[in-house]
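# Inside the fold
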Amino acid sequence: MNIKNTLMHGVALGLLAAAPAAAQDDTIQIAFIPQIAGIPYYVAMEEGADRAAEALGVEYVQQGPTSTNAADQLRIFESFVNQGFDVIAISPLDEETLRPAITRAIDQGIIVLTSDADAPGSGRQFFVAQALDQDLGYTLLDEMVLRIGETGKIAIVSDSPTIQSMQNWIAAVQERAETSYPEIEIVSVDHTDGTAERAYQFATDAMTRNPDLNAILGMASTTCPGIAQAVEAAGVVGEVLTAGYCSPNTARAYIESGAMPFSVLWNPADLGYLTVWVGQHLANGGEITGDFEVEGLDATIQYLPETDVILLGPPSVFTAENVADFDF
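From a predicted model like this one, the values you see are computed outputs, not experimental measurements.

This part covers the packing of aromatic side chains. Two aromatic rings are characterised by how far apart their centres lie and by the angle between their planes. If you walk through the whole model with that rule in mind, you get 11 aromatic pairs. Ring geometry for Tyr41 and Trp266: centres 5.9 Å apart, planes at 90°, overall edge-to-face. Here the residue Tyr41 occupies a position in helix 1 (residues 40-56), and Trp266 occupies one in the loop between strand 10 (262-265) and helix 9 (268-283), the gap between them amounting to 225 residues. The exposure classification of Tyr41 matches that of Trp266, with both residues buried. By the ring-pair criterion, three or more aromatic residues cluster together here, those being Phe32, Tyr41, Tyr42, Trp169, Tyr245 and Trp266. Against the face of Tyr138 rests Arg176, its NZ or CZ located 4.3 Å from the ring centre.

Dropping the structure here:
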């Protein structure tokens, strides 16, 4: 069953020039709003989503802000609501900013999903998750400890503090350190404006304040290049290790140089595919009640009913040994 509403007017925003008006036929329309447009990670998500849209016969549109700006992301969301999309998925920058708009969208019969990052208090119907937050935090710290040992100092550089998923990953890293590696000290947690330049500055500052710093962890794909470049510029490759949540293509040069021995992530193309599949399934009147298989994905998808999380799978670790096997 197609639940398209009749609000067909668009909002004239410069940010939204690429978004078409809602279709006049019964084709299901699915939109996804990333945290920022154009970075390799979200390009890969779009490629997977486009593949699913073609296979399932739906229309897919992806449009994000040009910087990690919650107000701009909200305007894009509201435009898709006004255009009458059947499904809107979003990787939220700020739950509080989005909550009223999500409520309005659901009241109008639009299915609202979070994907890539969650806003559990926003009223969204499901979160299409790449991996559990705790698993991501534990994996990142465990892999780092394998390389630096169970004693040392670590700095964390993240994106905006309003991005709940990254706050959850930081909390998981901190909890893992406290319970499993009590001699690991997290000396600082800094938040950028979504740019590699700001991450570079925070990483440089952390090394200056802590001459015995062992590692820097980046919580966002936008921070990974900045922290790795800071270590290279300081001439401490092999002495201060970096790692984070970034795609193989983003991390490749730094993995090869030794500045970033590994990266933790998942396959964003598969996440994009799953997001579109879930949206199409729900828009056609389907339900999510348990684990399921998706044609086109080589994994059993888990459903966690207590949190309405649809889980793609465990995190992956990319290193010098396997990074060449991936292209995203």
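There's plenty left to go through after this.
If you trace the 8 strands from one edge of the open sheet to the other, you get 2-1-3-4-5-13-12-11, paired in mixed fashion. Each edge of the open sheet carries a strand with a single partner, namely strand 2 (59-62) and strand 11 (292-293). In the sheet, strand 3 (residues 87-90) pairs with strand 4 (residues 111-115) via 4 bridges, with the strands oriented parallel. Bridge pairing in strand 4 links Ile88 to Val112.

In this section: the confidence of the model for the protein chain. Considering every residue of the protein chain, the mean pLDDT works out to 92; 92% of them sit at 70 or more. Contacts for the low-pLDDT stretch residues 1-23, under 50 throughout, to residues beyond four places or in other chains number 62 contacts.

Moving on: the environment of Met166. Along the polypeptide, Met166 turns up in helix 5 (residues 164-180). A C-alpha to C-alpha distance of 9.8 Å links Met166 and Gly218, two positions 52 residues apart in sequence. With residues near it in sequence (within four places) discarded, Met166 still touches Gln35, Ser158, Asp159, Met219 and Ala220.

What follows concerns unusual backbone geometry. Phi at Asp116 is positive, roughly 80°, even though this residue is not glycine. As for its placement among the helices and strands, Asp116 is situated in the loop between strand 4 and strand 5 (126-129). Positioned with a positive phi, Asp308 is a non-glycine residue whose angle comes to about 55°. Among the secondary structure elements, Asp308 is positioned in the loop between strand 12 (300-304) and strand 13 (309-311). For Asp308, a relative accessible area of 26% gives the class partly exposed.

So, on to the layout of surface pockets. Considered as a void within the structure, the largest pocket measures approximately 210 Å³ in volume. For the largest pocket, the lining is made up of 14 residues, of which Asn267, Asp270, Leu312, Pro314 and Ser316 are closest to its centre. The residue inventory of the lining of the largest pocket, partitioned by class, reads 8 nonpolar, 4 polar and 2 charged. Looking at the second largest pocket, its volume works out to about 180 Å³. Lining the second largest pocket are Asp118, Pro120, Arg124, Phe127, Ala129, Ala131, Leu132, Asp133, Ser165, Asn168, Thr307 and Val309. The set of elements that each furnish at least two residues to the lining of the second largest pocket consists of strand 5 and helix 5.

The next subject is the pairing of strand 7 (residues 184-191). Across 7 bridges, strand 6 (residues 152-158) lies against strand 7 in parallel orientation. Note that in strand 7 the partner of Ala155 across the bridge is Ser188. In this fold, the crossover linking strand 6 to strand 7 by way of helix 5 has right-handed handedness.

This brings us to helix 3 (residues 95-107). Counted at 1.5 Å a residue, the expected span for helix 3 with its 13 residues is 18 Å, and the 18 Å between its end C-alpha atoms agrees. Along helix 3, the largest kink reaches about 25° and is centred on Ala101. Inspection of helix 3 places Glu95, Leu98, Ala101, Ile102 and Ala105 among the buried residues, and these make up the whole buried set. Check the buried side of helix 3 and you find it contacts helix 2 (70-83), strand 3 and strand 4. Positioned one or two residues after helix 3, Gly109 has a phi angle of 90°, which is positive.

The rules we used
- Residues numbered from 1 in each chain as written.
- Predicted model: local features only at pLDDT ≥ 70, side-chain atom pairs only at ≥ 80, totals over all residues.
- Heavy atoms only, no water.
- Phe/Tyr/Trp six-rings, centres within 6.5 Å; stacked < 30°, edge-to-face > 60°.
- Helix = DSSP H or I, 4+ residues; strand = E, 2+ residues; numbered from the N terminus.
- Buried < 20%, exposed > 50% of the residue type's maximum accessible area, 1.4 Å probe, protein only.
- Lys NZ or Arg CZ within 6 Å of the ring centre and 35° of its normal.
- Pairing = 2+ DSSP bridges.
- pLDDT = per-residue confidence, 0-100.
- Contact = heavy atoms within 4.5 Å.
- 1 Å grid on protein atoms, 1.4 Å probe; cavity = no way out; pocket = protein on both sides within 12 Å on 5 of 7 lines; lining within 4 Å.
- Points joined across faces, edges and corners; volume = space filled by probe spheres on them.
- Nonpolar A, V, L, I, M, F, W, Y, C, P; charged D, E, K, R; others polar.
- Right-handed = clockwise from strand over helix to strand, strands pointing away.
- Expected span 1.5 Å × (residues − 1).
- Bend = angle between axes of the 7 residues up to and from the residue.

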